[in-house]
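Analysis of the macromolecular model
Chain by chain, the residues:
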Amino acid sequence: MKIFMACDHPLPPELYGGIQYYVLKLAESMQTAGHQVEVFTPVRNPARYPFHVNAIRPYGILFAEGTLAALRTYPLGYFRMLHGLQDRLHNGSKCDILHAHNPFIAGNAGRQIIKETGVPAVLTYYGWDTAENHLHHVGITWTERLARLSLKGYRKIIVYNQMTKEALGERFDLNQDDIEVLPLAVDTDFFKPNIPGDWVRQKYNIPADKPLVLFLGSIGKQKGVQILLHAFKELLPKVEAYLIIAGNGPFREGATQLSSELGINRYVTFTGGVPEEELPAHFNTCDIFVNPSLDDCYSLVVLEASACGRAVIGTDHPIMLEEYAGSDPDHIMLCPRGDSSKLAQVILELIDKPKLRLTMGEKARQKVEARHTLHQYRDSLLTIYEKAINKK
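Residues numbered from 1 in each chain as written. Predicted model: local features only at pLDDT ≥ 70, side-chain atom pairs only at ≥ 80, totals over all residues. Heavy atoms only, no water.

1. A short note on the state of the cysteines
To keep things clear, this is the line we draw: We call a pair of cysteine sulfur atoms a disulfide when they lie within 2.5 Å. Accessible area is worked out with a 1.4 Å probe on protein chains only. A residue is then buried under 20% of its type maximum, exposed over 50%, and partly exposed in between.
On inspection of all chains with the given rule, the structure shows 0 disulfides. Here Cys308 stays unpaired: no disulfide links it, and the sulfur of Cys286, its closest cysteine neighbor, is 8.5 Å away. Owing to a relative accessible area of 0%, Cys308 belongs among the buried residues under this scheme.

Rendered as structure tokens:
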């Protein structure tokens, strides 16, 4: 099968983030399985990838700097993505399926291509906010209006949880039969337990015998980094522990300043971006992984940490509650969103209970192997592709 994928953002290592990292791994997996993959994305060095990349001229990062930046970025990004797709499809290149990752630049450019060529197409809708807005009876937001423009042009819409499927169907008047739930997945051969990580502690001068908590991801207020820092302030009088905050983002400078104001910077390390090949070692060296996000709470890093056999603390976001409803309480611990005191209590509990951490890590790995492997995702996605191709 020949697959065209369109992604709004540059792929790693040019830019690290959940969606683009996901596209990278999915394209690699499809290529390994014998399919032809071309990815349309604004990268500067397309030759570094093991699959064909159609480099779109960079146009900035959508939504990286707020609403005004998005409004400036969107038109330029849309026309450059559209031109890239048109150039390939109108000059003899054909594909069996077009897969747009996100409904904004890639999604709307793909919708125009569908009108021009009739190519079968699917779209993965990663947005967390639609389910949350629907749950709280919030009106259609401007970003949702933009997303809605593209969705009706696709034969299948892919979401990663039932809550988002129901929200999309009702808010955007979509046929539920056209929305497929496909849970997120990780490369369990890459993210796995027992990968040596002592060098990570040595690199950042963290004592080998002290508890280590890890946050890894985009550093933004919506990711709850400030909540985690306040929790650590409450935790330190009770136990000597250390915190690594790995990643970059718009709140990194603010988080660094907050750490200093709280008087905890001796125990907190900001690493900046972590190269892909070093991610498993960072997960394996920590005792506890914390995802304090206020919005995107069932993110890829939760699965990556789980695949590495780590004890994970998340938040009580409705999507997290859906995913783990009825599961063994030893599998993951969920805290009220925005509650730094409760988060501090749960971190302390896990520090004091190493056997519980071990049990949680083992069960987390088992859950990922049972439901969230990249091979499972790829095979299920190929089935969805076939449904879209055969749909009249």
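From this point on, the discussion continues.
2. Side note on the sheet that holds strand E10 (residues 268-272)
Formally: Only when DSSP finds a minimum of two bridges between them are two strands counted as paired. Under the scheme used here, helices are H or I runs from DSSP no shorter than 4 residues and strands are E runs no shorter than 2 residues, and both carry numbers assigned from the N terminus. Between N-to-C directions, angles span 0 to 180 degrees; the directions come from axes that are lines fitted to C-alpha atoms, helices contributing only their stretch in contact. The criterion used for residue contact is that any of the two residues' heavy atoms lie within 4.5 Å.
Within the open sheet, the 6 strands sit side by side as E10-E9-E8-E11-E12-E13. Their pairing is parallel. Of all strands in the sheet, those with a lone pairing partner are E10 and strand E13 (333-335), marking the two edges. Between one strand and the next, the sheet's axes are offset by a mean angle of 25 degrees, whatever the strand orientation. Where strand E12 (residues 311-315) and E13 come together, 3 bridges link them in parallel fashion. Residue pairing in the sheet places Thr315 in a bridge with Cys335 of E13. Against the sheet, helix H14 (residues 354-371) contacts strand E11 (288-290), E12 and E13, and its axis sits at roughly 80 degrees relative to E12.

3. Quick notes on the environment of Ala255
Within the secondary structure layout, Ala255 lies in helix H9 (residues 252-261). Every residue in contact with Ala255, bar those within four places of it in the chain, is listed here: Ile219, Val225, Leu229 and Phe270.

4. Notes on the pattern of salt bridges
To keep it simple, the criterion reads: Any Lys or Arg side-chain nitrogen found within 4 Å of a carboxyl oxygen on Asp or Glu counts as a salt bridge.
Considering all chains together, one arrives at 14 salt bridges under this definition. The partner of Arg201 in a salt bridge is Asp287, and the shortest N-O contact between them spans 3.2 Å. With Arg201 in helix H7 (residues 198-203) and Asp287 in the loop between helix H10 (279-285) and E11, this pair connects stretches of sequence that are 86 residues apart. One salt bridge connects Glu240 with Lys210, and the closest N-O pair in it is separated by 3.7 Å. Of this pair, Glu240 sits in the loop between helix H8 (225-235) and strand E9 (242-246) while Lys210 is found in the loop between H7 and strand E8 (212-216), placing the two residues 30 residues apart along the sequence. Accessibility expressed as a relative area gives 30% for Glu240, which makes it partly exposed. Under the relative-accessibility criterion, Lys210 is labelled partly exposed at 25%.

5. Structural notes on the sheet that holds strand E4 (residues 97-101)
Spatially, the 7 strands line up as an open sheet ordered E3-E2-E1-E4-E5-E6-E7, and their pairing is parallel. Edge strands, defined here as strands with exactly one partner in the open sheet, are strand E3 (52-55) and strand E7 (179-181). The mean angle between the axes of side-by-side strands here comes to 20 degrees, regardless of whether they run parallel or antiparallel. For strand E1 (residues 2-7) and strand E2 (residues 36-41), the ladder comprises 5 bridges, and the chain directions are parallel. Residue Ala6 lies in a different strand from E2, and its bridge partner there is Phe40. Across the face of the sheet, helix H3 (residues 105-117) comes into contact with E1, E4 and strand E5 (121-124) while running at roughly 155 degrees to E4.

6. A word on the nonpolar core
Just so we agree on the cut-off: The definition of a nonpolar core used throughout is a set of buried Ala, Val, Leu, Ile, Met, Phe, Trp, Tyr and Cys residues joined through side-chain atoms within 4.5 Å.
Counting 100 residues, the largest nonpolar core has Leu229 and Ile347 as its most contacted members. The contact partners of Ile347, leaving out residues within four places of it in the chain, are Val213, Leu228, Leu235, Ile288, Val290 and Ile313.

7. Things to note about the packing of helix H11 (residues 300-307) against H14
Let me state the cut-off plainly: Here is the rule for handedness: rotate from the far helix to the near one, and if that takes an anticlockwise turn smaller than a right angle the crossing is left-handed, while a clockwise turn gives right-handed. Put simply, Ala, Val, Leu, Ile, Met, Phe, Trp, Tyr, Cys and Pro go in the nonpolar bin, Asp, Glu, Lys and Arg in the charged bin, and everything else, Gly too, in the polar bin.
Relative orientation of the contacting elements H11 and H14 amounts to 115 degrees, with a least axis distance of 7 Å. Relative to H14, the crossing made by H11 is left-handed. The segment H11 lies against H14, with Leu303, Ser306 and Ala307 engaging Gly361, Ala364, Arg365 and Val368. Looking at the contact of H11 with H14, its residues break down into 4 nonpolar, 2 polar and 1 charged.

8. Description of helix H5 (residues 142-151)
Defined as follows: Working definition: the arc comes from the directions between the helix axis and the C-beta atoms, pointing outward to the latter.
What H5 keeps buried is the set Thr143, Glu144, Leu146, Ala147, Ser150 and Leu151. The buried residues of H5 occupy an angular sector of 160 degrees when the element is viewed end-on, so they sit on one face.

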